[in-house]
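# Structure assessment
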Amino acid sequence: MSASDSLDPSAEVEAVHALLATWLGTEAEPDVLERFAATQHDTMSMVTTSGARLSRSELLSGLRRARNSRPGLDIEISEVEVLLTEGNVTVVRFMERHHFSGKHTDRWTTAVLTTESIPPRYSWRVLHETATPGD
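Here we summarise the structure given alongside this text. Only a predicted model underlies this, so the values are computations on that prediction, with no experimental measurement involved.

Scoring rules and cut-offs
Residues numbered from 1 in each chain as written. Predicted model: local features only at pLDDT ≥ 70, side-chain atom pairs only at ≥ 80, totals over all residues. Heavy atoms only, no water. Pairing = 2+ DSSP bridges. Helix = DSSP H or I, 4+ residues; strand = E, 2+ residues; numbered from the N terminus. Phe/Tyr/Trp six-rings, centres within 6.5 Å; stacked < 30°, edge-to-face > 60°. Lys NZ or Arg CZ within 6 Å of the ring centre and 35° of its normal.

With that settled, the discussion passes to the pairing of strand S6 (residues 121–131). Of the strand pairs in this sheet, strand S1 (residues 40–47) and S6 are connected by 4 bridges, and their pairing is parallel. Bridge pairing in S6 links Ser45 to Val126. The pairing of strand S5 (residues 103–116) with S6 spans 10 bridges and is classified as antiparallel. Of the residues in S6, the one forming a bridge with Glu116 is Arg121. Where S5 folds back onto S6 in an antiparallel hairpin, the turn is made up of 4 residues.

So, in structure tokens, the structure goes:
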């Protein structure tokens, strides 16, 4: 049995986005950002809905400054679909709906996760967000 056999990608996506919403939407303690950062591999990179490419350090630097920048933010995750699981690699696609200030924005997100065996956990490697039409 591999480490990925004991992990749930849907639960991982929801847990990581709950940390992100807590950090961006409340006066969260610094450990919230630390727990979020611990899920990101050292080589993690992402492409934002605006097309910007960010390294892990760029992402975390921006997030450090963004604590409670969206008071009350809620991130709803739906339509989680595992596209590939091979060896220690899992590719997952999901819909993110960001509720903020009485409005919402949607984005399709594709993430590449790898598994670490001790302790069994996911490590986020690549994240690509695509805004939906109208957002």
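Here we come to the packing of aromatic side chains. The tally for this structure, following the rule as stated, stands at 0 aromatic pairs. Directly above the ring of Phe100 sits Arg70, whose terminal nitrogen or CZ lies 5.1 Å from the centroid.

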